[in-house]
Amino acid sequence: MKLRNCFGLLTGLLISFAPPLASAQEWDDTEFAKLNKSVCQEPDETWRTIPWKTDLLEAQRTAVAESKPIFIWAMDGHPLGCT
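As the structure is a computational prediction, the values presented were derived from the model and not from experiment.

## Here's the deal with unusual backbone geometry
- Even without being glycine, S67 reaches a positive phi, approximately 50°.
- Relative to the assigned elements, S67 resides in the segment after helix 3 (56-66).

## Re the confidence of the model for the protein
- For the protein, mean pLDDT is 76; residues scoring 70 or higher make up 67% of the total.
- Across the protein, the element-wise mean pLDDT spans from 59 in helix 1 (residues 2-17) up to 94 in helix 3.

## A look at the pattern of salt bridges
- Within the structure shown, the criterion is met by 2 salt bridges.
- Between E58 and K53 there is a salt bridge, and its shortest N-O distance comes to 3.5 Å.
- A residue is classified by how much of its surface remains accessible, and E58, at 34% relative accessible area, is partly exposed.
- Using a relative accessible area of 38% as the deciding quantity, one classes K53 as partly exposed.
- Among the salt bridges present, the one from E66 reaches K68, with a minimum N-O distance of 3.8 Å.

## Side note on helix 3
- Where helix 3 begins, one side-chain oxygen reaches toward the backbone nitrogen of L57, 3.3 Å away; that side chain belongs to D55.
- Just beyond helix 3, the residue with positive phi is S67, at close to 50°.

## Structural notes on the environment of D55
- Tracing the chain through its elements places D55 in the loop between helix 2 (29-39) and helix 3.
- There is a polar contact of 3.3 Å between the side chain of D55 and the backbone nitrogen of L57.

Conventions used here
- Along each chain, the written sequence defines residue order, and numbers are assigned to residues from 1.
- The model is predicted, so local features are restricted to residues of pLDDT at least 70 and side-chain atom pairs to those at 80 or more, both for listing and for counting; the totals for chains, interfaces and linings are taken over all residues.
- Just so you know, side-chain values use all the structure's heavy atoms and leave hydrogens and water out.
- Labels follow the DSSP assignment, with helices taken as runs of H or I lasting at least four residues and strands as runs of E lasting at least two, numbered in each case from the N terminus.
- pLDDT runs from 0 to 100 and stands for how confident the predictor is about each residue.
- Just to be clear on terms, a salt bridge is a Lys or Arg side-chain nitrogen sitting within 4 Å of an Asp or Glu carboxyl oxygen.
- Remark: exposure states derive from per-residue accessible area (1.4 Å probe, protein chains only) relative to the maximum for the residue type, with buried under 20%, exposed over 50%, and partly exposed in between.
- Here a polar contact is recorded for every N or O atom pair within 3.5 Å, except that within protein the pair must consist of a potential hydrogen donor and a potential acceptor, and residues adjacent in sequence are included only if both atoms are side-chain atoms.

See below:
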C-alpha cells in the first residue's frame with residue numbers, strides 16, 4: 001500500500017514539473033510540412049517493391065516455387081532496442 005502511495009506522489013510531482021506540451025495551434029503549415037516530410041517515407045522506395053511475407057510457411061512455399069532464397073529477419077528483445 002505504501003509503494004502505491006509513493007508511486008502516486010512521484011507521478012503527481014513529475015506531471016506538475018513537466019514542461020507544457022506544444023499545442024497544435026503553435027505549428028504553422030510550413031513547420032508541419034517540414035516535419036511531415038522528414039518523418040514520412042517516399043512511396044517509391046526500393047524496399048517497398050519487395051513482396052514481403054509475414055508467414056514463414058507461405059514464404060517457404062513461394063521460395064520453393066520460384067527457386068529463390070528466404071531472407072529471415074529475427075531479433076530478440078524490444079523492437080526499439082530498449083532492453
